[in-house]
Amino acid sequence: MKASQRSLLLLEQCLNMTQMKQIQSHLAVSGTLLDPYAAGRFVAFCAVHDFSYAHRFFQRLPRRCRTAYVCNTMIKALVDGKEHASALAMYKRMVRDSGFLPNNYTFSFLLTACAQLGDVCLGSSYHCQAIRLGWESYDFVQNGLIHVYVTCNVLESARRIFDASVNRDVITWTALINGYVKSDQVDVARNLFDEMPDKNAVSWSAMINGYVQAGQFGEALVLFNAMQNHSGLRPNHAGVVAALSACAFLGALDQGRWIHAYVDRTKMKLDRILGTALIDMYSKCGCVETARHVFEEMEERDVFAFTSLISCLANHGRSKDAVELFRRMLTEGVTPNEVTFICVLSACSRMGMADHGLEIFRSMSKEYGIEPGVQHYGCLVDLLGRVGMLEEAKQVVRGMPMEPDSYVLGALLNGCRVHGDVELGREMVESIIQRKLDHSGVHVLLSNIYASTSQWDDVVKVRKGMEENRVKKVPGCSSIEVNGEVREFVVGSQSVALVEEVVPLLCWIEKHLKSLRLEEEGEAGVADNCFI
C-alpha cells in the first residue's frame, strides 16, 4: 500500500489537530492533498476542531479543489458555531471568487442562518435562487424555507410552501405548527396537528407548549396525557417543562408529582430549565419544602432558579428565608435580575424591613445597573406604607420617573387603610380616578378605610357611588384538585356540576364553623363579631 493511501485511511481515524497536521504533511509531500476527496476530508475535520486553520487552508486551495462538499462544509461549520452573518458572507465570497454553485445542502445551511438572523428579505432572495437552480422541491430546502418564513412571522408564504410540498416529513409539519403557535393561532395549529400522519415527541411538545402559551392549561395537560396513553411516546424535555408549567398555573399537584416521578424514573437531567419548572410548580401548589429540596438537588443554579425559590418563600410567609436566600445568591456570584428584586423587595415588605429594603432598592442601579421599574416602586411604596412611613411613601410616588400605576397607588392606599390616614387615602383615590385606573378594589379599599375609623356615612356614600356608576366587584374564584382533575369555582356561578348538592353542603359547613367559633368565644368570654 502506498504512503498516500495509508494517509488517506488515517484521515478516518484522526482524533486531534496534532495528528491531522502530521497526516497533512504526508499528503502534501505525496501531492495527494490536492485531490478533491482528500482536501474535502481534511477541511471537514479541521472546520470542526480549528476553523481558522481550515479557513487558511481553504483560501490556498486551487479552484478545482473547492468542491460543493468543501464549500458546504465551511458554511455549515460557521452556522453550527452560531456565526450566521459570517456564514452568509463566506457564501457570497465563494460565489464571487470560485464560481460556486449551491446545492440543496447549501440552501439548507443558508436558510438556517437567515432564520437565526430574522432576515426574511435575504431568505426570500435565496428562495428565488433555489427556484432558479431547481432546488426548491427538495426536503431540506422546503423545511428551511418554512423555518425562515415561520421565524419571521410570514405564515402565508410558509403555508403556501407547505401546501405545495409533496414529501412532508415530521419536521415540515412541526415547523408550521410552531409558526401558528407563535402567532397565537392555537386552534389552527391543533387542526394541523390532528392531520399529521406521524408525530414524534417534538411535535407533541410543540402543541403542548402552544396550549401553555395560549393560557389553555387544561388542554395542555389533556394532550400531555394523550401523548403517553395513545401514542406510546415518551415526553421529551420540552414537553415535560411545558406540562409542569400547566400544572403550576392550575395547581394540579398530583399530576405535577407524577411528572416529577417520571423525571426521576427516566433519569432525565435536572438542568436549570427543568429544575426551575419543578420549583415553580411546587411553589404554586404550596409545597415549599419540596421546592427547596429540588433547588438543592440542582447541580447548576442560575438567576431564574434562585428567583423562583425566593418568590416561593416570600409568597408563603417565609420572607426571612427569602432574604437569606437572596444573600446566598449574591455570595455564590449569581447576578439578580429585575424579577429577583421584585421578589426580594416583596419579602422585605412583608417583614417590615424598611432599612434593608431601601438598601436593596438603591443597589439596583448603583451596583447592578438596573433602573427600577414601576413594579419595583410599587414594592417600595408597599414596604414604606406597611411600616407607617406614609409621608416617605408619598414622596416616592411623587418622585417616580414614570407615571404610577394602580398597583403603586393601591399600595399607598392600603397603607392609609392600615394606619387610618383617611385624608391621604381620599387623596390617593382621587388621583387614581383622575388617571382612570379606578376599579372595584379601589372603592372597596376606600370604603374599608372609612369603616376602620367608624365613618359610616362615608362608607354608605362610597357604596352608593359604586351602585350608581355600576362598579361591580370582580367575583372571587378558587380551584381544587380531585383525582388529578382541577375544578374551578366562581362566586355566584351555577355552572358547577352537582351544584344542588354542593350548596347545601357549604351551608352546613358554614353553620358548623359558626357554632364552633361561638363555642370558643363562649369559653373565652370574648365577644367577637368579626366572623363572616
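No experiment lies behind these values; they were computed from the predicted model shown.

Asker: Help me understand the overall build of the protein in this model?
Answerer: For the protein, the helix and strand inventory stands at 29 helices and 2 strands. Burial analysis of the protein (532 residues in total) assigns 44% to the buried set.

Asker: Help me understand helix α12 (residues 186-195), please; the structure alone is not making it clear to me.
Answerer: Along α12, the positions that sit buried rather than exposed are Val 186, Ala 189, Leu 192 and Phe 193. Looking down the long axis of α12, one finds its buried residues gathered within 120° of arc, a one-sided arrangement. Across from the buried face of α12, at angles greater than 90 degrees, the exposed residues are Asp 187 and Glu 195.

Asker: Which parts of the structure should I look at to understand the packing of helix α17 (residues 272-284) against helix α18 (residues 288-297)?
Answerer: The description of two helices packed together rests on the angle between their axes and the distance between the axes. Two elements in contact, α17 and α18, have axes separated by 8 Å at closest approach and are oriented at 170°. As the angle between them shows, α17 and α18 are arranged roughly antiparallel. Where α17 abuts α18, its residues Gly 275, Leu 278, Ile 279, Tyr 282 and Ser 283 lie against Thr 290, Ala 291, Val 294 and Phe 295. Across the contact of α17 with α18, the residue classes break down as 6 nonpolar, 3 polar and no charged.

Asker: I'm lost on the packing of aromatic side chains in this one. Help?
Answerer: Geometrically, a pair of aromatic rings is defined through the distance of the ring centres and the angle of the planes. For the structure shown, the criterion picks out 12 aromatic pairs. Relative to Trp 173, the ring of Phe 162 has its centre 5.0 Å away and its plane inclined at 85°; by these criteria the two rings are edge-to-face. Here Phe 162 is found in helix α10 (residues 155-164), whereas its partner Trp 173 is found in helix α11 (residues 170-182), with 11 residues between them in sequence. Using a relative accessible area of 7% as the deciding quantity, one classes Trp 173 as buried. Here the aromatic residues Tyr 91, Phe 100 and Tyr 126 are joined through ring pairs into a cluster of three or more. The ring of Phe 193 has Lys 199 sitting right over it, with the charged end atom 5.0 Å from the ring centre. Positioned over the ring face of Trp 258 is Arg 265, at 5.8 Å from the centre of the ring.

Asker: How do you make sense of the side chain of Ser 205 when you look at a structure like this?
Answerer: Among the structural elements, Ser 205 can be located in helix α13 (residues 201-213). Look at Ser 205 and you get buried, because its relative accessible area is 4%. Not counting residues up to four positions away in its chain, the partners in contact with Ser 205 are Asn 236, Ala 238 and Gly 239.

Asker: Would you mind going over the packing of α13 against helix α15 (residues 237-250) with me for this structure?
Answerer: In the contact formed by α13 and α15, the axes pass within 9 Å of each other and the chain directions differ by 25°. Relative to α15, the element α13 lies roughly parallel. Between α13 and α15 the crossing geometry is left-handed. Counting all contacts with α13, which are made through Ser 205, Ile 208, Asn 209 and Val 212, the residues of α15 involved are Ala 238, Gly 239, Ala 242, Ala 243, Ser 245 and Ala 246. Residue composition of the contact of α13 with α15, by class: 6 nonpolar, 4 polar and no charged.

Each value, and the rule that gives it
- Residues numbered from 1 in each chain as written.
- Predicted model: local features only at pLDDT ≥ 70, side-chain atom pairs only at ≥ 80, totals over all residues.
- Heavy atoms only, no water.
- Helix = DSSP H or I, 4+ residues; strand = E, 2+ residues; numbered from the N terminus.
- Buried < 20%, exposed > 50% of the residue type's maximum accessible area, 1.4 Å probe, protein only.
- Arc of directions from axis to C-beta.
- Axes fitted to C-alpha atoms, helices over the stretch in contact; angles between N-to-C directions.
- Parallel < 35°, antiparallel > 145°, perpendicular 65-115°, else oblique.
- Contact = heavy atoms within 4.5 Å.
- Nonpolar A, V, L, I, M, F, W, Y, C, P; charged D, E, K, R; others polar.
- Phe/Tyr/Trp six-rings, centres within 6.5 Å; stacked < 30°, edge-to-face > 60°.
- Lys NZ or Arg CZ within 6 Å of the ring centre and 35° of its normal.
- Left-handed = near helix turned anticlockwise from the far one by under 90°.

Read these as geometric descriptors, not functional statements.
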